[in-house]
Amino acid sequence: MMVIKQGLISWLLILLGNSAPVFSSGTPLTHGAHVHGEAGMNIVLDGNSLFIELDSPIINLVGFEHAPNNEEQVSALLKAEQTLASADRLFHFATTKCSLENVEIEMPYSKHHEDKNHQHPRPEMHHEHADFHANYVFHCKQAKDLTAISVKLFSLFPDLQNIKAQWILQGKQGSASLTASHPTLSVN
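Remember, predicted model here, so these are calculated numbers, not experimental data.

Rules of the game
- Residues numbered from 1 in each chain as written.
- Predicted model: local features only at pLDDT ≥ 70, side-chain atom pairs only at ≥ 80, totals over all residues.
- Heavy atoms only, no water.
- Helix = DSSP H or I, 4+ residues; strand = E, 2+ residues; numbered from the N terminus.
- Buried < 20%, exposed > 50% of the residue type's maximum accessible area, 1.4 Å probe, protein only.
- Phe/Tyr/Trp six-rings, centres within 6.5 Å; stacked < 30°, edge-to-face > 60°.
- Disulfide = S-S within 2.5 Å.
- Polar contact = N/O pair within 3.5 Å; in protein donor to acceptor, adjacent residues only side chain to side chain.

Caption draft 1: Summary view of the environment of Asp46. With respect to the helices and strands, Asp46 occurs in strand β1 (residues 38-46). Residue classification places Asp46 among the partly exposed positions, given a relative accessible area of 25%.

Caption draft 2: The arrangement of the packing of aromatic side chains in detail. With the rule as written, the count across this model stands at 4 aromatic pairs. Relative to Phe138, the ring of Phe91 lies with its centre 6.0 Å away and its plane at 85°, an arrangement referred to as edge-to-face. On the criterion of sequence distance, the pair formed by Phe91 in strand β3 (residues 91-93) and Phe138 in strand β5 (residues 131-140) is long-range, its members being 47 residues apart. You can call Phe91 buried: its relative accessible area is 5%. For the ring pair Tyr136 and Phe138, a centre distance of 6.3 Å and an interplane angle of 20° mean the geometry is stacked. Taken together, the ring pairs in this structure connect Phe91, Phe93, Tyr136 and Phe138 into an aromatic cluster.

Caption draft 3: The arrangement of the state of the cysteines in detail. Scanning the model with the defined rule gives 1 disulfide in all. In this model Cys98 forms its disulfide with Cys140; the gap between the sulfur atoms is 2.1 Å. What sets the handedness of the Cys98 and Cys140 disulfide is the S-S torsion sign, and at about 110° it is right-handed. Of the two residues, Cys98 is situated in strand β4 (residues 98-106) and Cys140 in strand β5; the sequence distance between them amounts to 42 residues. By the burial criterion, Cys98 is buried, and Cys140 matches it.

Caption draft 4: Expanded view of the environment of Asn70. Inspection of the secondary structure puts Asn70 in the loop between α2 (59-62) and α3 (71-85). A distance of 3.1 Å separates the side chain of Asn70 from the backbone nitrogen of Glu72, its partner in a polar contact. One polar contact links the side chain of Asn70 to the main-chain amide nitrogen of Gln73, over a distance of 2.8 Å.

Below, the structure is given as structure tokens:
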């Protein structure tokens, strides 16, 4: 995951150059405080490669943010992780076809991240707040024609109310607030 995240950060810095950031938060890749119901998304298009980074409190996805206490919570966590890995269910790209090249999901308390040889508790188990991070890399045909990205997360995760999106696409940059009633990021 670190490779994709470092790549996204590098592209943001390269594309921004020495200009002042135009993101609403004032700095790239900053989503502010941990707020229930709210997530952050960074989107960068470089050539035909589209990078999407998504960060959210885990409570938005599973309804709790502590280590799972029962089978129902374990199941909710695994279901959320599987849903996030299904990028075709999460994003729709207007006027071009984008195919997933790579996805990396970092989900707290996930069995996929446990080291089976060591039974040490994971560090985030001691924190009051738990977040997940997802990085997606797409290859887009005719990327220059990309005009909008519809985000389907709101219908899949009803506790998610707002996504603060920051983007750099086709020489333009900006930010937007996405909601269930307005889930499409337009880059015109």
